[in-house]
Amino acid sequence: MPKDIFAEVEKQAESAAASRASWRGVLALNIPTLGLGAVEYHLRAAKAHGSLQPVNFVKIDKKTGKEVVSREVPVLYRYKEGENGERIDVQEVSRDEAKKHVRYNGKYQISVRNEKRYFLKNELEMSGKWVEIPLIQIVDKQDGEEIEPFDRTTKIDVEPDGFVSLDRLSEYKFKEVYQLSPDTDKKVKETVSRVKQLARYLLQKDTALVSFFSWGRGYQFYTSVVYPYERKDGRLWLLMGLSEGILLLDDAWALQEEPESERLPSVPEAKKKKAKVVIAK
C-alpha cells in the first residue's frame, strides 16, 4: 500500500454531534415513463457539512514577540500640487506636523485617508495605548511557528498517490468547478489532442487527480480534483473542482437496515501545510 501523503482526511467517526434535521416535507412523484406512478415520500433533511477548518494564526511583532492587531485609522499626508493638479512629494506626517504645515508652511497641503495599520494588542485593548508597529516588523505565527502565505498556484503537482476513483467524486464539497482546455499559444504549443488523450485515459482508468491549489497569496487553499466528464451525446470535458473539504456524512442518516459493512477509506485531500508553499514556475 503506497505511503499516504494526504495528512488531512475525513474523521467522520470522531464527529461529536449528530446531524439535525432542518427541513421536513413531501417528495411527490408522478413519472409513468420511469415506472413511478403517483406516489409520495415523507422526508426530512439535514445539511452535510464539509471538513474544511478555518486557518487560525496570529500576527506578532518580531522584535518584542507581542501579538498585534489591525485597525482602520485615519492617516495624514502632506503633499504639493503639480502643474496638472496631480499630487507630488507625498509624505505621511503626524498630527502635530500636519498642523505645522497648515499654519506655517503654505507650500504644502494636507489630505487624510483611512488605512489598515497594526498596533500592539494588549496595550491597545487593556490600556487604550495605540502603539503602532510597522508592517515590515510583523510576522505570522501558527502554533508558535512562523509561517508565510501560499503563493498563487501556477503548476499543479500531483503526487504519486494523488488520485481517487470517479465514483467517489460526490464525497468532495466543491466550491467551484472549472473547465480545462489546452493553452494553444505559440510559446506553449499545447494541443487539443494531447489534453483530450489525457481526459480519455482518466476516463478509461476511472480516475481523478488530486492536488493542492491556491488562487492567490494568502492562507486559504483548496483540494484540486481534476477529472473527465463525458456526456451521453459524446461530448467530453476535462474539469477541475476546487474542494473546500470532504462531505461529513452522518452515519445516523445512512439508509441501511443491516449492520454497517466495512467502511471505505476516506478520499484524499491536499495536505495542509504550515510553511510557505514553493510553486514550481
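*Asks:* How should I be thinking about the overall build of the chain in this particular structure?
*Replies:* Broken down by element type, the chain carries three helices and 14 strands. Counting only residues that meet the buried cut, the chain has 29% of its 281 residues in that class. Residue pairs at least 24 apart in sequence account for 69% of intrachain contacts in the chain once pairs closer than 6 positions are excluded. Roughly 20,100 Å² of accessible area belongs to the chain as shown, and the carbon and sulfur atoms make up 50% of that amount.

*Asks:* How do you make sense of the nonpolar core when you look at a structure like this?
*Replies:* Proteins that are soluble and globular tend to have nonpolar side chains buried together. Formed by Val164, Leu166, Leu169, Tyr172, Ala208, Val210, Val225, Tyr227, Leu239, Ile246 and Val267, the largest nonpolar core amounts to 11 residues. Of all hydrophobic cores here, the second largest spans nine residues; its members include Ala199, Phe213, Val226 and Leu242.

*Asks:* Is there a simple way to think about the confidence of the model for the chain in this case?
*Replies:* Low pLDDT marks regions whose predicted coordinates should not be analysed in detail. Summing up the model confidence of the chain, the mean pLDDT is 81 and the portion of residues at 70 or higher is 86%. The least confident element of the chain is helix H1 (residues 95–104), whose mean pLDDT is 70; the most confident is strand S10 (residues 163–165), at 94. Note on residues 274–281: pLDDT is under 50 here. Beyond four places in sequence and across chains, it has 21 contacts.

*Asks:* For this particular structure, what's the right way to read the pattern of salt bridges?
*Replies:* A complete count under the given rule lists 17 salt bridges for this structure. A salt bridge links Glu67 to Lys121; the nearest nitrogen and oxygen atoms lie 3.6 Å apart. Of this pair, Glu67 sits in strand S5 (residues 67–81) while Lys121 is found in helix H2 (residues 121–127), placing the two residues 54 residues apart along the sequence. Owing to a relative accessible area of 25%, Lys121 belongs among the partly exposed residues under this scheme.

*Asks:* Please clarify how the pairing of strand S8 (residues 138–142) should be interpreted in this entry.
*Replies:* Residues in a regular strand point their side chains to alternate faces of the sheet. For S8, a buried count of four out of five residues is recorded, marking the element as mostly surrounded by other parts of the structure. Of the pairings in the sheet, the one linking strand S4 (residues 58–61) to S8 comprises four bridges and is antiparallel in character. Opposite Lys59, over in S8, you have Asp140 as the bridge partner. Connecting the antiparallel pair S8 and strand S9 (residues 145–147) is a turn made up of two residues, with Asp143 showing a positive phi of about 55 degrees.

*Asks:* Looking at this structure, how should I read the packing of aromatic side chains?
*Replies:* Each pair of aromatic rings is reported with the distance of its centres and the angle of its planes. Applying the stated rule across the entire model yields 11 aromatic pairs. Between the aromatic rings of Phe119 and Trp130, the centroid separation amounts to 5.0 Å while the plane-to-plane angle is 85 degrees, which identifies the pairing as edge-to-face. Of this pair, Phe119 sits in strand S7 (residues 109–120) while Trp130 is found in the loop between H2 and S8, placing the two residues 11 residues apart along the sequence. Measuring from ring centre to ring centre gives 5.5 Å for Phe150 and Phe221, while their planes differ by 85 degrees; the resulting arrangement is edge-to-face. Taken together, the residues span a long stretch of sequence, with Phe150 in the loop between S9 and S10 and Phe221 in the loop between strand S12 (207–213) and strand S13 (222–230) at a distance of 71 residues. Taken together, Phe57, Phe150, Phe212, Tyr219 and Phe221 form an aromatic cluster joined through their ring pairs. The ring of Trp253 has Arg44 lying over it, and the distance from NZ or CZ to the ring centre is 4.2 Å.

Conventions we followed
- All residue numbers refer to positions counted from 1 along the written sequence of the respective chain.
- This being a predicted model, a pLDDT of at least 70 is required before a residue's local features are given, and a value of 80 or more before pairs of side-chain atoms are given or counted; all residues contribute to the totals for chains, interfaces and linings.
- Side-chain descriptors were evaluated using all non-hydrogen atoms of the structure, hydrogens and water having been removed beforehand.
- The helix count covers DSSP runs of H or I at least four residues long, the strand count covers runs of E at least two residues long, and both are numbered beginning at the N terminus.
- In this scheme, a residue with accessible area under 20% of its type's maximum is buried, one over 50% is exposed, and one in between is partly exposed, where area comes from a 1.4 Å probe on protein chains only.
- Should any heavy atoms of two residues lie within 4.5 Å, those residues are counted as being in contact.
- Per-residue and other accessible areas were derived by the Shrake-Rupley procedure at a 1.4 Å probe size, with only the shown protein chains allowed to occlude residues.
- Residues enter a nonpolar core if they are buried and are Ala, Val, Leu, Ile, Met, Phe, Trp, Tyr or Cys, with the set joined through side-chain atoms within 4.5 Å.
- Each residue carries a pLDDT value, the predictor's own confidence for that position, ranging from 0 to 100.
- Any carboxyl oxygen of Asp or Glu that lies within 4 Å of a side-chain nitrogen of Lys or Arg is treated as forming a salt bridge with it.
- Only strands joined by at least two bridges in the DSSP assignment are considered to pair.
- Note on aromatic contacts: the rings of Phe and Tyr and the six-membered ring of Trp form a pair at centre separations within 6.5 Å, being stacked when their planes are under 30 degrees apart, edge-to-face when over 60 apart, and tilted otherwise.
- Note on geometry: a ring has a charge over it if NZ (lysine) or CZ (arginine) is within 6 Å of the ring centre and within 35 degrees of the ring normal.

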